[in-house]
Amino acid sequence: MLAVLAPGQGAQKPGMLTDWLELPGAESFFRWAGAIADADLLTLGTTGDAEAIKDTAVTQPLVVAMSLFVARELGGLPGPVAHTPQAGRDVVIAGHSVGELTAAVLAGVLSVEAAIALTAVRGRAMARACAQTPTGMSAVLGGDPAEVLAAIEANGLTPANVNGAGQVVAAGSLEGLAALKAAPPAKARVMPLSVAGAFHTEYMASARTELEGLVGGIRPAQPSRLLVSNKDGSAVETGAGVLNRLVSQVTSPVRFDACLDTLRELGVTAVIELPPAGALAGLAKRDWKGTHDVEVLAITSPADLDRAAELIAAERGRAEAEHSPDWRVVVSPARGTISPAAVAEGTALPAGATLATIAGRRETVEVAAGYAGLLAEWLVAEGDLVDAGDPIARLYPEV
C-alpha cells in the first residue's frame, strides 16, 4: 500500500515554484489557479520573499495549488475507482491541516477548482480571525508526552497540532506562549513559529462560521480512495463527511500522530510527500524509526518525479485482497442528534439501507450503508449527540 501525504501551511519556502516552471503547462496552471484564488500565486511562488508568502490568505492556496500540480504531473493518482471495501485500497491519502483539501481532491471528493477556491476562502477567513486577537503558536519538541500536554494546558494553551515523533504545537495567547517558553517541560524545547495566529483553536471560530455558510453550495463526490482524517486518524466514508471535517478542523486540533498510526496499521510500504515537501516525510521517518520498514520519498524537485512514478506503478500492481477489512465503521456525516433506524444487531443490510437520521441546526441528514453487510454493533443510542466523523455502527462487509 502506498501513502500520499499532502503538506499544509508552514511548508512553503521562497522560490518554491521556480524549478517546477520548467515543466510543460506549469506557468499556465499557476496563473489559472491564481485567478481562482484571486491571488498572484505565480509571482508569490517565484519571487515572493518569506514575509510575502507567510500571509495566511495567500499561503494556503499557494501550497495546495503546488501539491495539486505535482499530483497531476504524476498522473492517475486522483483517478476514480469503484469504491467498495475491497477496491480502491492501493493508495491511502492523508493531508496535514489545509493539506486535507489537497487530499480531498486526490481521493476524488472535490474538483481541483473547488479545492483551490475553498482554500482561498479558508485562508482569507482565517487571516481575518487572526487579526481579531493577538495569538500565536510554538512547537514543543521532545519531553514526556503527558508532561508536555499538562504544561500546555497549565498555560491556558491548546495542543493545536499533535504531529507524532515527539512534536506538539501549542497555540493560544502570546502571554501563555511566553510563559511556556520561559518554563518548558523537562527535556523539551519550545520554538516559536512564524504564523499569524492560533490555528486549529477556538480563536478561529469566526472562520469556521464563514466556511459553514459556504460548503452547503458544494456537491462532493464519494471518496474513491482511502482518505484518512486529521481528526482521529480514521477513514472518512462519505463526501459529506469529508466536507464537514474540512470545516470543523479549522477550530479542532490536527492529530497527525493518529494518521501516522493508521498508516502503520494498514501496512503501508511506501510514502510519497507532495511538494512543498519535507516536513511530513521527516515526521514519518522519525515516528516509524526502528518499527516500520518503509520507503519515504519527499518530492522536492522535478528530479524526484521518476522515483515517485515507480512507487505508484509498483503499488498499483498489487493484489487488492491483501488488505480486505474484516469490518468497517460507519461514521456520522454531520453534527446533530442521532436517531438510529429500528434495525437489530445481526441483521443483513443491502447497500443504501438507511441506518440513521441526524437532526442538525440547519437540516436533517440521512445516513445510509455504503455497501451490503451485516450490522455487527450499534455504537450510538437514540438521542445521542454526534459530530461529523463520530462512529455510528460497525458493519461486516458482504464479500
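All values derive from a computational prediction rather than experimental measurement. (Residues numbered from 1 in each chain as written. Predicted model: local features only at pLDDT ≥ 70, side-chain atom pairs only at ≥ 80, totals over all residues. Heavy atoms only, no water.)

Visitor: Please explain the pattern of salt bridges as it appears in this structure.
Guide: Working definition: two side chains of opposite charge can pair if their charged atoms are close together. Across all of its chains, the model carries eleven salt bridges by this definition. Here Arg264 makes a salt bridge to Asp261, at a shortest N to O gap of 3.1 Å. With Arg264 and Asp261 both in helix α10 (residues 256-266) and three residues apart, the pair spans about one turn of that helix. Note on Arg264: relative accessible area 27%, which makes it partly exposed. The network of salt bridges with common partners includes Asp261, Arg264 and Asp287. (Salt bridge = Lys/Arg side-chain N within 4 Å of Asp/Glu carboxyl O. Helix = DSSP H or I, 4+ residues; strand = E, 2+ residues; numbered from the N terminus. Buried < 20%, exposed > 50% of the residue type's maximum accessible area, 1.4 Å probe, protein only.)

Visitor: What is the right way to look at the packing of helix α1 (residues 26-37) against helix α5 (residues 112-132) in this model?
Guide: When two helices pack together, their arrangement is given by the angle between the helix axes and the distance between those axes. For the pair α1 and α5, the least separation of the axes is 8 Å and the interaxial angle reads 50 degrees. Comparing their axes, α5 and α1 come out oblique. Read as a crossing pair, α1 and α5 show a hand that is right-handed. Facing α1, whose interface residues are Phe29, Trp32, Ala33, Ile36 and Ala37, α5 presents Val112, Glu113, Ile116, Ala117, Ala120 and Arg124. A class-by-class count of the residues in the contact of α1 with α5 yields nine nonpolar, no polar and two charged. (Axes fitted to C-alpha atoms, helices over the stretch in contact; angles between N-to-C directions. Parallel < 35°, antiparallel > 145°, perpendicular 65-115°, else oblique. Left-handed = near helix turned anticlockwise from the far one by under 90°. Contact = heavy atoms within 4.5 Å. Nonpolar A, V, L, I, M, F, W, Y, C, P; charged D, E, K, R; others polar.)

Visitor: Would you mind going over the pairing of strand β17 (residues 391-397) with me for this structure?
Guide: Consecutive side chains along a regular strand alternate between the two faces of the sheet. Across the seven residues of β17, five count as buried, placing the element largely inside the fold. Here strand β10 (residues 328-331) pairs with β17 via four bridges, running antiparallel. Paired with Val330 across the bridge in β17 is Ala393. Inspection of the sheet shows strand β15 (residues 373-378) paired to β17 by five bridges, in the antiparallel sense. In the strand pairing of β17, Glu377 is matched with Arg394. (Pairing = 2+ DSSP bridges.)

Visitor: I'm lost on helix α9 (residues 239-248) in this one. Help?
Guide: The α-helix winds at 3.6 residues per turn, so residues separated by three or four positions along the chain end up facing the same way. In terms of burial, α9 is largely enclosed, as eight of its ten residues are buried. Within α9, burial applies to Gly239, Gly241, Val242, Leu243, Arg245, Leu246, Val247 and Ser248. The inward-facing, buried residues of α9 abut α4 (99-106), α5, α8 (205-212) and β7 (226-228).

Visitor: Would you explain the nonpolar core in this entry?
Guide: A general tendency of soluble globular proteins is for nonpolar side chains to be buried together. Formed by 75 residues in total, the largest nonpolar core has its most connected members in Leu2, Trp20, Phe30, Phe69, Leu110, Leu274 and Ile299. Within the second largest apolar cluster, 21 residues are counted, among which are Leu260, Val268, Ala281 and Trp288. (Core = buried A, V, L, I, M, F, W, Y, C linked by side-chain atoms within 4.5 Å.)

Visitor: Sorry, what's going on with unusual backbone geometry here?
Guide: What is expected of a backbone is that most residues other than glycine have negative phi and most peptide bonds are trans. For the bond running from Pro275 to Pro276, omega is -5 degrees, close enough to zero to count as cis. Positionally, Pro276 belongs in the loop between β8 (270-273) and α11 (279-288). The phi dihedral of Ala165 is positive, around 55 degrees, even though this residue is not glycine. Relative to the helices and strands, Ala165 resides in the loop between β4 (158-164) and β5 (167-173). Phi is positive for His200, which is not a glycine, with a value near 60 degrees. Note that His200 resides in the loop between β6 (188-192) and α8.

Visitor: I keep staring at the sheet that holds strand β11 (residues 336-340) and nothing clicks. Help me out?
Guide: Within a sheet, each strand pairs with its neighbour through backbone hydrogen bonds, oriented either parallel or antiparallel. Strand order in the open sheet formed by four strands is β14-β13-β11-β16, and the pairing between neighbours is antiparallel. Looking at strand neighbours, the two that pair on one side only are β14 (364-368) and β16 (385-386), the edges of this open sheet.

Visitor: In this structure, what is going on with the sheet that holds strand β2 (residues 91-95)? I would like to understand it.
Guide: Read across the sheet, five strands follow the order β7-β2-β1-β8-β9 without closing on themselves; strand pairing throughout is parallel. Here the strands that pair on one side only, and so sit at the sheet edges, are β7 and β9 (295-298). Adjacent strand axes in the sheet meet at a mean angle of 20 degrees when their direction is disregarded. Sheet strands in contact with α4 are β1 (2-6), β2 and β7, and its direction is about 155 degrees off that of β2.

Visitor: Whenever I open this one, the confidence of the model for the protein confuses me. Can you help?
Guide: Atom-level detail of predicted coordinates should not be read off regions where pLDDT is low. A residue-level look at the protein finds 93% of positions with pLDDT of 70 or above and a mean pLDDT of 89. Across the protein, element-level confidence peaks in helix α7 (residues 174-182) with a mean pLDDT of 97 and bottoms out in β10 with 78. (pLDDT = per-residue confidence, 0-100.)

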